[in-house]
Amino acid sequence: MKNALGSPESVALVGGTSQIGLAICRELALGGRLRRVVLAGRPGERLDAAARDVGGWVVGDVRTVDFDAASTAGHDDAVAEIFEAGDQDVVVLAFGVLGAPDGMLDDPDQAVHVAEVNYVASVSMGLRVAASLRRQGHGTLVVLSSVAAERGRASNFVYGSSKAGLDTFAQGLGDRLVGTGVRVIVVRPGFVRTRMTDGLPEVPLACDAEDVGRAVAHALRTGQSTVWVPAVLRAVMSGLRHLPRPVFRRLPV
Amino acid sequence: MWADVETSELTGWGRTAPSAASVGTPSSTDQLLDAVRCAPSRGVVARGLGRSYGDPAQNAGGLVLETTGLDRITAFDPAAATVTAQSGVSIGRLLSVLADHGLFVPVTPGTRAVTLGGAIAADVHGKNHHRDGSIGRHLERMTILLADGSRRVVGPGPDADPELFWATLGGMGLTGIVLDATVRALRIAIPWMSVDTRRAGNLDELLAALDDADQRRYSVAWVDCLTTGRSAGRGVVTSGDHAAVEEAREWRRRSSPDPDPAARLTTPGWVPPGLLNRWTVAAFNEAWFRHAPRRRTGERQAPSSFFHPLDGVAGWNGLYGRAGLVQYQCVVPDVSTLRDVLTGLRSARTPTFLAVLKKFGPGNPGPLSFPRPGWTLALDIPASVDGLAALLDRLDTRVAEAGGSVYLAKDSRMRPELVPTFYPRLDEWHALRDRVDPHRLWQSDLSRRLSL
Ligand SMILES: Cc1cc2nc3c(=O)[nH]c(=O)nc-3n(C[C@H](O)[C@H](O)[C@H](O)COP(=O)(O)OP(=O)(O)OC[C@H]3O[C@@H](n4cnc5c(N)ncnc54)[C@H](O)[C@@H]3O)c2cc1C
Ligand SMILES: NC(=O)c1ccc[n+]([C@@H]2O[C@H](COP(=O)([O-])OP(=O)(O)OC[C@H]3O[C@@H](n4cnc5c(N)ncnc54)[C@H](OP(=O)(O)O)[C@@H]3O)[C@@H](O)[C@H]2O)c1
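Summary of the structure given here. Note that the coordinates shown come from a computational prediction; the quantities given were computed from them, not determined experimentally. (Residues numbered from 1 in each chain as written. Chains lettered and ligands numbered in written order. Predicted model: local features only at pLDDT ≥ 70, side-chain atom pairs only at ≥ 80, totals over all residues. Heavy atoms only, no water.)

Attention now goes to the site of ligand 1. Residue and element names in this part refer to chain B. Close to ligand 1 lie 34 residues, the nearest being Ala46, Gly48, Arg51, Ser52 and Thr115. For ligand 1, a nitrogen atom lies 3.0 Å from a polar atom in the side chain of Ser87. The separation between an oxygen atom of ligand 1 and a polar side-chain atom of Thr115 is 2.7 Å. Starting from 970 Å² of accessible surface for ligand 1 in isolation, the protein chains cover 95%. (Near = heavy atom within 4 Å. Polar contact = N/O pair within 3.5 Å; in protein donor to acceptor, adjacent residues only side chain to side chain. Areas by Shrake-Rupley, 256 points an atom, 1.4 Å probe, with all protein chains shown as cover.)

Turning next to the packing of helix 6 (residues 203-213) of chain B against helix 10 (residues 335-348) of chain B. All names here are of chain B. Between helix 6 and helix 10, whose axes approach to 12 Å, the crossing angle comes to 130 degrees. As judged from the angle between their axes, helix 6 and helix 10 are oblique. In terms of crossing hand, the pair formed by helix 6 and helix 10 is right-handed. Where helix 6 abuts helix 10, its residues Leu203, Asp204 and Leu207 lie against Val335, Leu338, Arg339 and Leu342. Along the lines of polarity and charge, the residues of the contact of helix 6 with helix 10 split into five nonpolar, no polar and two charged. (Axes fitted to C-alpha atoms, helices over the stretch in contact; angles between N-to-C directions. Helix = DSSP H or I, 4+ residues; strand = E, 2+ residues; numbered from the N terminus. Parallel < 35°, antiparallel > 145°, perpendicular 65-115°, else oblique. Left-handed = near helix turned anticlockwise from the far one by under 90°. Contact = heavy atoms within 4.5 Å. Nonpolar A, V, L, I, M, F, W, Y, C, P; charged D, E, K, R; others polar.)

Attention now moves to the site of ligand 2. All names here are of chain A. The environment of ligand 2 is made up of 28 residues, and the closest members are Thr17, Ser18, Tyr159, Val192 and Thr194. In this structure, Tyr159 approaches ligand 2 through a side-chain N or O atom, which is 2.6 Å from an oxygen atom. For ligand 2, the protein covers 94% of the area, taking 880 Å² as the surface of the free molecule. When residues of the shell around ligand 2 are traced back to their parent elements, those giving at least two are helix 1 (19-29) and helix 5 (157-176). Classifying every residue of the shell around ligand 2 by side-chain character gives 13 nonpolar, 10 polar and five charged.

In this section: the packing of aromatic side chains. Residue and element names in this part refer to chain B. Inspection of the entire model under this criterion finds nine aromatic pairs over all chains. Plain terms: the ring middles of Tyr218 and Phe306 are 6.0 Å apart, the flat faces sit at 75 degrees to each other, and that makes the pair edge-to-face. Residue Tyr218 is found in strand 13 (residues 218-223), and its partner Phe306 is found in helix 9 (residues 303-307); the two are separated by 88 residues along the sequence. An identical accessibility class is assigned to Tyr218 and Phe306; each is buried. The interplanar angle of 10 degrees and the centroid separation of 4.5 Å between the aromatic rings of Phe370 and Tyr407 together place this pair among those described as stacked. Separated by 37 residues along the polypeptide, Phe370 in the loop between strand 19 (355-360) and strand 20 (374-382) and Tyr407 in the loop between strand 21 (405-406) and helix 12 (419-422) bring together distant segments of the chain. (Phe/Tyr/Trp six-rings, centres within 6.5 Å; stacked < 30°, edge-to-face > 60°. Buried < 20%, exposed > 50% of the residue type's maximum accessible area, 1.4 Å probe, protein only.)

With that settled, the discussion passes to unusual backbone geometry. Working note: non-glycine residues mostly have negative phi, and peptide bonds are mostly trans. Here the residue pair Val229(A) and Pro230(A) is connected by a cis peptide bond, since its omega of -5 degrees sits within 30 degrees of zero. With respect to the helices and strands, Pro230(A) occurs in the loop between strand 9 (226-229) and helix 7 (233-240). Phi angles above zero are rare outside glycine, and Arg440(B) is one such case at about 55 degrees. Secondary-structure assignment places Arg440(B) in the loop between helix 13 (426-436) and helix 14 (445-449).

Here's what the structure looks like:
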């Protein structure tokens, strides 16, 4: 069970190699209560390395579960395996793909893949995980959305639109689950320095995976349901949201 | 079959860590039995008035049975000063029934809005612990519904399954559901309290005053946890007893004004976040300290203002906002540990209103009963305070090293690993529980969180 100060005893990270996801786990482990971690992801050296890494700072049971976002047919089994070891206090949906910057105008197949992984698979996993959390009567689903969900941008509109779908889905799901003991936290990071953004030009207000970890841990403690990282993005985006399109288009963000 | 249950979300008094369960409020013992018989796989737990701070009266994904519909007084013998009541009756109700016959409950916690069952499950203590012990000492017997569906009458006597009796006191509902209990009441002369108040400028003075105050049946101190320097640990000691007839005569002669103008304040439903911060709380503490008399004896007070001052402020736990509050209550055997705990709290500068300090008398045979000789300190802290988790873990470590304990009825965050240290006879309790509930019918969020 999660305690009164938001420290969970178990966490499942779906997208088990995500650097942001692992940073969230690590921050939650600092609460000193974490005894069970499940990393769900595509099998391979990267997932094994993540498990070894987590084993270094969690005393207890660390296991991996096969999960491929792109094949929703396997999602039932994955969720069953995730909950096999017992209750999950926190489930983090951290899988996602960015897609080639600017490239998708001529690559509808890649765009469909981005939409499938970021949106379709999240809907599929979100609902299945929510059903399991409801049965146990408690738990928090943490969903990695993005500031890119706020407004379509020429440079990453496929990614942005998939996150917009995910974001709206997760908000509504959270509202739908009020009274069931299950909470949904929607996380909207800006530019985070991880493998995903490696090689991209850094934008203002860039942050690290650890910053996202701390913000999520704080939200678990205080009951906050929307998390911007860094927090000032909330104000920034509420300004940008109302800029006329031609102006927004020219912004260097 | 009775199946009047509805899924709803529950928290304890601290309003932290909500979870959902099927919740039912049986209005007869038969209905309760029915509900228990078709319990879901995630088990059952009883819930009284939800005044424990954390999660012992929650059972995520399972069944929670509220006892408040089982509140009949089934036998009352004023001459023998014994009363038998169903477990859902509140201490407040018992107080008013007893009052008409010159009787008083033997032990009351700081609020009268707790049930008899909840008081037993936590083995509650009051301001008279140094003299009268906790509630377990004042029970003749109780009836427990066991996991196998049978009812058992148990008591402290050798032929009444005393192991089960004592394991239920402090057992947090995990040995069975208490159906009813027989309490020995206290005889009093008149329904007024005679109260002494003494202000102490630092911790040494406070501890000395509290030692003095222990001459009286009831004693407690309030400590200011924010002030540093020479006034660190300053506070106010109140002590008292049920007034004697002569005192009442004296009051009438001096025609003291009627206390307790029954004013009922409510807190607003919404409080600006950050209202409870270090500065506002420090200002409150200062005003409160200055307001207390340096020394006053034999003041007339109504029992409600002496025992249950917070009950006048409905919904005060709402003041702590969305994140809720944590209550930390520990007992430590010696003054030097007490000092360390107070210093730890002070240096973290947590916005704590007054902490309650009391000296416990001897404990009882209950393996999970909390009170034991030493100083007990209890304080409310907003859960949103940064660094609180680490601070309380540090205090726990210090308390554990000293052989002290932390109270399960207030806990919502202790480390599961420390339970055997805080409750050294946990093994004994586990053995008893294996006997009466081998399949773990009784479960709660607390039992899951602490792997009890
Ligand atoms: C303002 C305030 C002041 C307090 N002061 C004190 C104090 O001075 N001293 C003290 O000791 N405590 C104190 N407490 C704590 C309180 O007395 C205990 O938490 C008590 O258990 C609450 O009773 P309840 O009826 O609300 O039970 P709940 O909080 O609903 O339940 C508490 C536990 O009792 C179990 N339980 C309830 N009914 C039954 C039953 N029929 N059979 C078996 N198990 C049952 C539940 O399963 C749960 O484990 C205080 C609490 C508050 C809010
Ligand atoms: N980095 C940022 O700036 C940023 C900003 C806002 C939001 N986000 C979001 O945060 C989340 C985590 O990103 P990150 O920064 O931690 O990047 P990351 O380290 O690259 O993590 C992405 C994760 O997605 C997994 N994944 C991709 N496709 C998958 C598939 N088909 N099946 C299963 N897993 C798949 C990856 O697993 P493999 O190891 O198997 O590839 C990896 O675990 C993503 O949803 C991302 O959109 C990131």
